[in-house]
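If you want the building blocks of each chain, they are given just below.
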Amino acid sequence: MTLELRTQTLGQDIFARLDRGGPLLFSRNWWDDKLMGLTMGNDALKVQLFRFVDTLPYLTEPSEVGRHLREYLNEARTQLPWWVRSGIGWIPETGLASRLLAKVAKGNAETMARKFIAGSNVGEAIAAVQAMREKQLAFTMDLLGEATITEAEADHVQKQYFDLLKGLPPIINASPEIPSIDRDDIGPIPRVNVSVKLSALFSQFDPIDPEGTSKVVRGRLRPILALARKNGAFVNFDMEQYAFKDTTLRIFREILTEPEFRDWPHVGIAIQAYLKNTETDLQQLLDWAKNERKCPIWIRLVKGAYWDYETVIAAQNGWPVPVFTEKWQSDDNFETCTTFLMQNHTWLRPAFGSHNIRSIAHALAIAEQLKVPKPNFEFQMLYGMADPIKDVLKSMGMRVRIYTPYGQLLPGMAYLVRRLLENTSNDSFLKQGFSDGVSESVLLQAPSAAGPSSFVPRHSTNENPMIAPHPNGVLTKVEFQNEPLSDFSRESNRDAMVQALRSVRSQLGRTFPVVIGNAPVASAEFVESFNPSKSVELIGRTGKATIEQAKLAVASCQAAFETWQEVPIAERAAYLRKVASVMRHRRFELAAWIVLETGKPWRESDADVAEAIDFCDYYAAEALKMWGGHGMPVPWEENHYFYEARGVAVIIAPWNFPLAILCGMAAAAVVTGNTVILKPAEQAGVVGAKLMECFQQAGLPAGVVNFVPGVGEDIGPVLVNHPDVALIAFTGSLKVALQINEQASHTPGGQNFVKKVIAEMGGKNAVIVDGDADLDEAVRGVVDSAFGYGGQKCSAGSRAIVVAGIYDLFLNRVIEATKSLTVSAAESPGCSLGPVIDAESRDRIRKFVELGKTQAKLVYQADLGPLADEGYFVGPTIFADVPETATVAQEEIFGPVLSVIQAKDLDDALRIANGTKYALTGGIFSRSPENIAKVKRKFRVGNLYVNRKCTGALVHRQPFGGFKLSGIGSKAGGPDYLLQFVVPRTITENTLRRGFAPESGPSGE
Ligand SMILES: Cc1cc2nc3c(=O)[nH]c(=O)nc-3n(C[C@H](O)[C@H](O)[C@H](O)COP(=O)(O)OP(=O)(O)OC[C@H]3O[C@@H](n4cnc5c(N)ncnc54)[C@H](O)[C@@H]3O)c2cc1C
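Residues numbered from 1 in each chain as written. Predicted model: local features only at pLDDT ≥ 70, side-chain atom pairs only at ≥ 80, totals over all residues. Heavy atoms only, no water.

Before going further, it helps to examine the site of the ligand. Looking at the ligand, there are 30 residues lining it, with Gly304, Ser330, Ser354, Asn356 and Phe429 nearest. Within the contact set of the ligand, a nitrogen atom lies 3.2 Å away from a backbone nitrogen or oxygen of Glu326. Take Ser354: an N or O atom from its side chain is 2.6 Å from an oxygen atom of the ligand. Here the ligand, which alone exposes 950 Å², has 94% of that area covered by the protein. Every element with two or more residues in the shell around the ligand is listed here: strand S4 (267–272), strand S5 (297–302), helix H15 (327–343) and strand S7 (378–382). (Near = heavy atom within 4 Å. Polar contact = N/O pair within 3.5 Å; in protein donor to acceptor, adjacent residues only side chain to side chain. Areas by Shrake-Rupley, 256 points an atom, 1.4 Å probe, with all protein chains shown as cover. Helix = DSSP H or I, 4+ residues; strand = E, 2+ residues; numbered from the N terminus.)

Moving on, we get to the side chain of His355. Topologically, His355 is positioned in the loop between strand S6 (348–353) and helix H16 (357–370). Within polar-contact distance, the side chain of His355 engages the backbone nitrogen of Leu382 at 3.1 Å. For His355, the contacting residues outside a window of four places in its chain are Ile360, Met381, Leu382, Met385, Ala386, Ile389, Phe429 and Leu430. (Contact = heavy atoms within 4.5 Å.)

All right, on to the sheet that holds strand S9 (residues 510–512) then. Sheet architecture is open: three strands sit in the order S9-S13-S12, paired in mixed fashion. Edge positions in the sheet fall to S9 and strand S12 (526–531), since each of these pairs with one other strand and no more. On average, each strand axis in the sheet is tilted by 35° relative to the strand beside it, whichever way the strands run. Direction of pairing for S12 relative to strand S13 (residues 534–543): antiparallel, over a ladder of six bridges. Bridging across to S13, Asn531 finds its partner in Lys534. Across the sheet, helix H25 (residues 587–598) lies against S12 and S13, angled at about 90° from S12, the strand it touches most. Relative to the sheet, helix H28 (residues 685–697) contacts S9, S12 and S13, its axis offset from that of S13 by approximately 45°. (Pairing = 2+ DSSP bridges. Axes fitted to C-alpha atoms, helices over the stretch in contact; angles between N-to-C directions.)

Let's shift gears to the nonpolar core. If you look at the biggest cluster of nonpolar residues, it comprises 127 residues, and the most contacted ones within it are Phe237, Leu285, Leu364, Ile389 and Leu393. With sequence-adjacent residues up to four places away left out, Leu364 is seen in contact with Leu10, Ile14, Phe377, Phe379, Leu393, Met396 and Met398. In this structure, Ala580, Cys663, Val687 and Ala826 belong to the second largest nonpolar core, which totals 82 residues. (Core = buried A, V, L, I, M, F, W, Y, C linked by side-chain atoms within 4.5 Å. Buried < 20%, exposed > 50% of the residue type's maximum accessible area, 1.4 Å probe, protein only.)

What follows concerns the sheet that holds strand S21 (residues 797–803). Strand order across the open sheet formed by seven strands is S22-S23-S24-S21-S20-S26-S27, with mixed pairing between neighbours. For this open sheet the edge positions go to strand S22 (857–861) and strand S27 (943–946), each flanked by a neighbour on one side alone. Each neighbouring strand pair of the sheet contributes to a mean axis angle of 20°, computed without reference to strand direction. As judged from the four bridges shared by strand S20 (residues 765–769) and strand S26 (residues 921–925), these two strands associate in the parallel manner. Within S26, the residue paired with Ile768 across the bridge is Ile924. Running at roughly 160° to S21, helix H36 (residues 906–913) makes contact with S20, S21, strand S24 (897–903) and S26 of the sheet.

Now for the packing of helix H5 (residues 62–75) against helix H7 (residues 95–116). Relative to each other, H5 and H7 sit at 75°, their axes nearing to 8 Å. For the element pair H5 / H7, the angle class is roughly perpendicular. Contacts from Pro62, Ser63, Val65, Gly66 and Leu69 of H5 reach H7 at Ser98, Arg99, Leu101, Ala102, Ala105 and Lys106. Taken together, the residues of the contact of H5 with H7 break down into six nonpolar, three polar and two charged. (Parallel < 35°, antiparallel > 145°, perpendicular 65-115°, else oblique. Nonpolar A, V, L, I, M, F, W, Y, C, P; charged D, E, K, R; others polar.)

Bringing unusual backbone geometry into the picture now. Positive phi, close to 65°, is recorded for Asn518, a residue that is not glycine. Notably, Tyr789 is not glycine yet its phi reads approximately 45°, a positive angle. Following the sequence through the fold, Tyr789 ends up in the loop between helix H31 (775–787) and S21.

The final tally for this structure, using the stated rule, is 66 salt bridges. A salt bridge links Glu368 to Arg6, with the nearest nitrogen and oxygen atoms 2.5 Å apart. A residue pair is termed long-range when its members are at least 10 positions apart, and Glu368 in helix H16 and Arg6 in helix H1 (residues 3–17) qualify at 362 residues. By relative accessible area, Glu368 is classed as partly exposed at 40%. Look at Arg6 and you get partly exposed, because its relative accessible area is 25%. By sharing partners, the salt bridges in this structure join Glu483, Arg577, Arg584, Arg587, Asp606 and Asp617 into a single network. (Salt bridge = Lys/Arg side-chain N within 4 Å of Asp/Glu carboxyl O.)

Attention now goes to the pairing of S27. In the case of a regular strand, side chains alternate between the two sheet surfaces. Of the two faces of S27, only the one carrying Asn943 and Tyr945 is buried; Leu944 and Val946 on the other face are not. Sheet topology note: the S26/S27 ladder contains four bridges and is parallel. Directly across from Gly923, in S27, lies its bridge partner Tyr945. As for the winding sense of the linkage, the β-α-β connection from S26 through helix H37 (residues 929–938) to S27 is right-handed. (Right-handed = clockwise from strand over helix to strand, strands pointing away.)

Keep in mind that these numbers describe shape and distance, not what the molecule does.
Shown next as structure tokens:
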């Protein structure tokens, strides 16, 4: 009999044996519930109800339960049947009825959660597994919990594993042996089986630093494994999202090669068949187990639980999708991997985690074909699901292990919602089989027979298919797509960054001249920049431009302007695309310069380069659109509306986005036909020089871009006041911006125009934390917003405004999460917080902290230890109970200082949030649709972020810039930005001569 035929027969046999009267998918009670039945057929309602369930545990007041249910149902209102719609208005939010509703809703959610979660403590979990053993089922325990975002939480998780491994074995090992589940053909296998998620053991688990992550995780894992081994338990490593896969595999291999665990066969790891590279991972594990470790391991083969997440993350970042995009492909790969495991079962002992009868039948068929003894492999299924299938397999003499989560129901809701979403998805085998009534023959057909015809491959590459270059290099049609950030979970990118840092380090200390008219100009004096992480390390010198040189540069610009403004727009745009392409080729090298010169961690330095590339590509595309022509068609009248460059543009940039901002402002000026003087910040002159190199590499004509580094106080006023300078684009402090604005407003004799000033200034940005916020997300979001690049971004969230009910809980977690950050030199891959830019900044921030101590409660300040002497470090600092008018709540500090302010309610939070002179960015963490809508209307900032950090704007996706005292001008990376660099003109020509219309007139007249 062929394998396929045998698979079909076994599948039909399983179907025939199923107890159709029993709970198939979930419990009968739950399944029969009318609302849940409706949910399966209504995606919008499903999403809203599951969101409600997820929020429910956080709602402490009965009135909040009613309000949230109403708000969520309202979100899906148009897609609800009339009887649900008409009921929304009746949901009680006050009085006895609301208390009753809250009780019923929570009771139902808890009942539902208990279907999938075996218990809320070790005692309940033990009772549950005893019951399973009585039914001759094996088990593996999974510890549920909130995301680990603090080291204290990681310690707590470790302790919970200890408790589990101490509590379970004495009881379970004392129970009578059940040979069918406690033995394989080699001998006894542990009765106690525990699953671990590695990311729960380290708050800073980050694939950008596999070595550092592995070290800390192994430190916490070692005693867990030692105790498991001592107490005769088995440990399985769960597999989480794709980004963590390589680090998880690395830790698995590293720790199990240690002498203490090398010969321990009772360990396993989950491998996901929905990933495209599963087979390679399996082959590597086989080689390692067989040839290096020389001791077998178990493999739990699953399809994978993060499909939606992986596809969304890949799409958002422009990364290749790591998972198959058609369900049949995952099924097919599951079968390929099944065959591989069965062929190598003595080294990779197979455990199949699936509820899919086709997948299971195929595994049984291949086992028969290869004569793999039954006890040498097993099936695993989730607690609370597909019980009849478990019974059938058991009756066929198979070992069935139940993945049994336990833990508090509140954090368990996230697990519950994941299970519900997975099993109500249209592609789910269980849904198709037991809810949608798909026929058995269709369910049992080979995966490859199910799909290839409908399959359209979906993949992304670094080449942008939307941008079509003209055969002779001139762009015709341009669509913009963001440059993907480097995915540092990939080894190739990490290696490239290490290599670039090494190479850049070998070039430190060089001198970069002033460049005027494409020629280097000698300097007598130089500006030096040093590595903020290691203040004795000289990065390089840039020529200190003199006043005469600044004037020469203006003259060079002026001369070049005459011809540059006449260059066709397509060519000017093509130049920018070339600059982008040069930067793309020098991607890691430029990022390495940024890391070393400005103390920016890897990811953010990489994002700086990506943003610079985006600015070039985006402004090229926008300029082509602008120059596309506008006109009002009127008979015998030609109207032409068009743009013209302003002239000489001075670009004065800050050090915090040393490449992106300098490049962005310059690119906008250049593509619109202006000529440019680049004046980088003194602290980041070398990165400025690197940008100049990129412009030169792109072959821009002489004088279009001139590089004039120097001391702002010396040459700044000369450039700003120069009568031939038409435009100043500045990003920096409020004080300097106002000075420039004032100086530029003068129109000395001979200057026949008013200068244009574009200025982006500061912010005192707030993140509001609503009473029902998801704390895992809010804490992470606030910490990232406040301490990303040491708070040295104008978008940084330096105020957290927290609604009263959640204040203490939030504050404690934010403090713990901040304590857990890794403060280190920026070049270390695991750095979450590097130094501040220079001694002056450090001292200024310290003064703010001292002042803050007199105005608010200092609740955390990191002790830096020896780092304090190595570079310009300031420990992350948190003030609590900050009065809204305190200096630390009003002034931009530009450092790692967070002020936490308590608000009475959301309206109060909004009032406080709007109560500064700035209006740049803001954020809200809330799970109330109506509160979110209110904040969108009333939180008046340039960039508002809902349920995410308030930094990290992307060109085109989130055009960036504020108002009030945060900026004059339009948003960088947005559709109106280029308008500031041009003057619009209109030409109207009357084409009618003495009432006589030529024969071939316009519009067919
Ligand atoms: C004991 C046990 C342990 C588990 N441990 C882990 C673990 O450590 N890590 C983990 O990630 N998961 C784990 N899972 C979850 C597991 O991945 C899912 O339960 C499983 O994918 C459901 O598969 P199925 O064969 O039962 O159902 P099926 O309905 O046959 O398959 C559903 C699966 O197909 C895949 N899929 C759905 N749509 C598509 C599509 N359009 N294109 C491609 N693929 C698609 C997804 O993986 C989805 O989960 C575990 C499951 C069990 C039973």
